[in-house]
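These are the residues of each chain, in order.
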Amino acid sequence: MSSDHSAVSVHEHPPPSFGVPNLKLAFWLFLASDCMLFGSLIATYLSYRGKDQLFGNGPYPLDLFSVEVTTISTFDLLMSSVTMVLAVAAIQRGNMFQTRLWLGLTALLGAIFVGFQGYEFTHFYLEGLKLQGNLFGSTFYVLTGFHGTHVTLGVVWLLLVLATTFTKHKNMVTHLNVEVAGLYWHFVDIVWIVIFTLVYLMEYTV
Amino acid sequence: MSGHDSHAHAGGHDEHEHKPTSISTYLGVAAVLTVLTVIEIGPLFQWYNLGPVPLLVLSVVKFAMVVFIFMHLGPDEPIYKKIFVPSLLLAGLMVTVMMLLFGSFTRAEQMAYKGPVLGYVAAPPPKVETPEGEAGGDAAAGGAEQVAAAPAVDGAEVFKTNCVACHGPEAKGGVGPNLTDAEWKNGSGTLADIETTLNKGVTGTAMISWTPILGDEKIKAVALYVHSLGGGK
């Protein structure tokens, strides 16, 4: 049986060893490691949280945070997760029109989120929050910057999938491929759920 | 079962590995997520206040709904859970430990007088206090002033409990300035100036007004102690 396996793997995708698609298995492994990346960035942010006040070294979070911007961008990203599951459901039913519609809408909502972050960073920078200015600046920009980069890459990925559906390679856009892109997209959303609570919401209560 | 059979089965696996979640379930989850987010943002607009614990719970619920329903981790093959969940728990544990260790949600003004950090308090108290009437020896320099003001409280003890967190166990500085040299950031290092700084604090720094916490007697004692450290004038 083992010789059978190796014979197949020479010219085809190797057979999945766990009875699940290798791509999806590998992608969950990547997400598990990305968990640790964001875990450490969030832990770093929290370790230094509020310590600038000890040195009298502003600006502090509440000097800068904008309630409206955060609310809108949070809703925007949350809704993009909904359009993403609808895209996965559409390709599962073989509905190419809806797949394109929801993929495009997800990418658009993602781009809007990145736009809000660009606005936020610019605004914060002009208000005096520098990457090397204080602990809040360093930890905030690195954490939300890594998240924003993830969103940006997700938008590019979704647009590539969308573009592929219009080419002669459209058979490559399978349920599995859209689902894995969706896994990435939802992961970026859940990271924001955590950042939104620990970085923004906590500032207004504790 | 031959090798060929098992391969054919695995190859078709992605087509029917789990029943697809219905659109109405997705929309239901979307509605719940929206409602939870509306509840969360209440404190931002000061409609009401939510404590940290309800906020964390709401966030965990939203997180779980997206992971288990949108990402299909719930109905999907168990292998994905085995990969993702331990890593997620490890990351969560790390965040929690750091949060507790560094007092992420402790206000700065509460931190300054937390004092007993890293066991500073366990060290033996340095000999500074000279009993009234026996003001010879070391106290000769401080002389009359010191004897006149000598309080019943041990200034070194007060310093060790309240000041070492910022000024260091030997008062040689840390977050706050060194108190043993002749350089003074605030005032000129006279006993009266030190007492003023202790009473009023220094705006914009972690040096708060200590009068409400220590009271007059302890303030005088610790001022005397700081004055005696070598930088006093």
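Above: the structure in question.
Please read all numbers here as calculations on a predicted model, not as lab measurements.

Parameters and conventions
- Residues numbered from 1 in each chain as written.
- Chains lettered and ligands numbered in written order.
- Predicted model: local features only at pLDDT ≥ 70, side-chain atom pairs only at ≥ 80, totals over all residues.
- Contact = placed C-beta atoms within 7 Å.
- Helix = DSSP H or I, 4+ residues; strand = E, 2+ residues; numbered from the N terminus.
- Nonpolar A, V, L, I, M, F, W, Y, C, P; charged D, E, K, R; others polar.
- Axes fitted to C-alpha atoms, helices over the stretch in contact; angles between N-to-C directions.
- Parallel < 35°, antiparallel > 145°, perpendicular 65-115°, else oblique.
- Left-handed = near helix turned anticlockwise from the far one by under 90°.
- Expected span 1.5 Å × (residues − 1).
- Buried ≥ 20, exposed ≤ 12 C-beta atoms within 10 Å, placed from the backbone.
- Arc of directions from axis to C-beta.

(A) Molecular detail of the interface of chain A and chain B. Taken together, the contacts link 54 residues of chain A with 55 residues of chain B. Every element with two or more residues in the side of chain A that touches chain B is listed here: helix 1 (2-9), helix 2 (22-48), helix 3 (52-55), helix 5 (67-92) and helix 8 (175-200) of chain A. A total of 13 residues in the side of chain A that touches chain B trace back to one element, the largest contributor, which is helix 2 of chain A. Grouping the constituent residues of the side of chain A that touches chain B by class yields 35 nonpolar, 16 polar and three charged.

(B) The arrangement of the packing of helix 5 of chain A against helix 8 of chain A in detail. Residue and element names in this part refer to chain A. Contact geometry for helix 5 and helix 8: axes closest at 9 Å, N-to-C directions at 160 degrees. When the interaxial angle is binned, helix 5 and helix 8 end up roughly antiparallel. Crossing of helix 5 over helix 8 shows left-handed handedness. Facing Thr-70, Thr-74, Leu-77, Leu-78, Ser-81, Met-84, Val-85, Ala-87, Val-88, Ile-91 and Gln-92 of helix 5, the residues of helix 8 in contact are His-175, Val-178, Glu-179, Gly-182, Trp-185, His-186, Asp-189, Trp-192, Phe-196 and Tyr-200. For the contact of helix 5 with helix 8, the residue count by class is twelve nonpolar, seven polar and two charged.

(C) Broad picture of helix 2 (residues 23-41) of chain B. If you check helix 2 of chain B, its first and last C-alpha atoms are 27 Å apart, about what 19 residues at 1.5 Å a residue would give, namely 27 Å. All of the buried residues along helix 2 of chain B are Val-29, Ala-30, Leu-33 and Glu-40 of chain B. Viewed along the axis of helix 2 of chain B, the buried residues span an arc of 105 degrees, placing them on a single side of the element. Pointing more than 90 degrees away from the buried face of helix 2 of chain B are the exposed residues Ser-24, Ala-31, Val-35 and Val-38 of chain B. Where helix 2 of chain B is buried, its residues contact helix 5 of chain A together with helix 3 (52-70) of chain B.

(D) Representation of unusual backbone geometry within the structure. Residues Gly-58 of chain A and Pro-59 of chain A are joined by a peptide bond in cis, for which omega reads 0 degrees. Examined against the element boundaries, Pro-59 of chain A turns out to sit in the loop between helix 3 and helix 4 (61-64). Of note, Gln-46 of chain B is a non-glycine position whose phi angle comes to about 60 degrees, a positive value. You can see Gln-46 of chain B is positioned in the loop between helix 2 and helix 3. For His-72 of chain B, which is not glycine, the phi dihedral falls at a positive 60 degrees. Of note, His-72 of chain B is situated in the loop between helix 3 and helix 4 (78-101). Residue classification places His-72 of chain B among the buried residues on the basis of 22 C-beta atoms within 10 Å.

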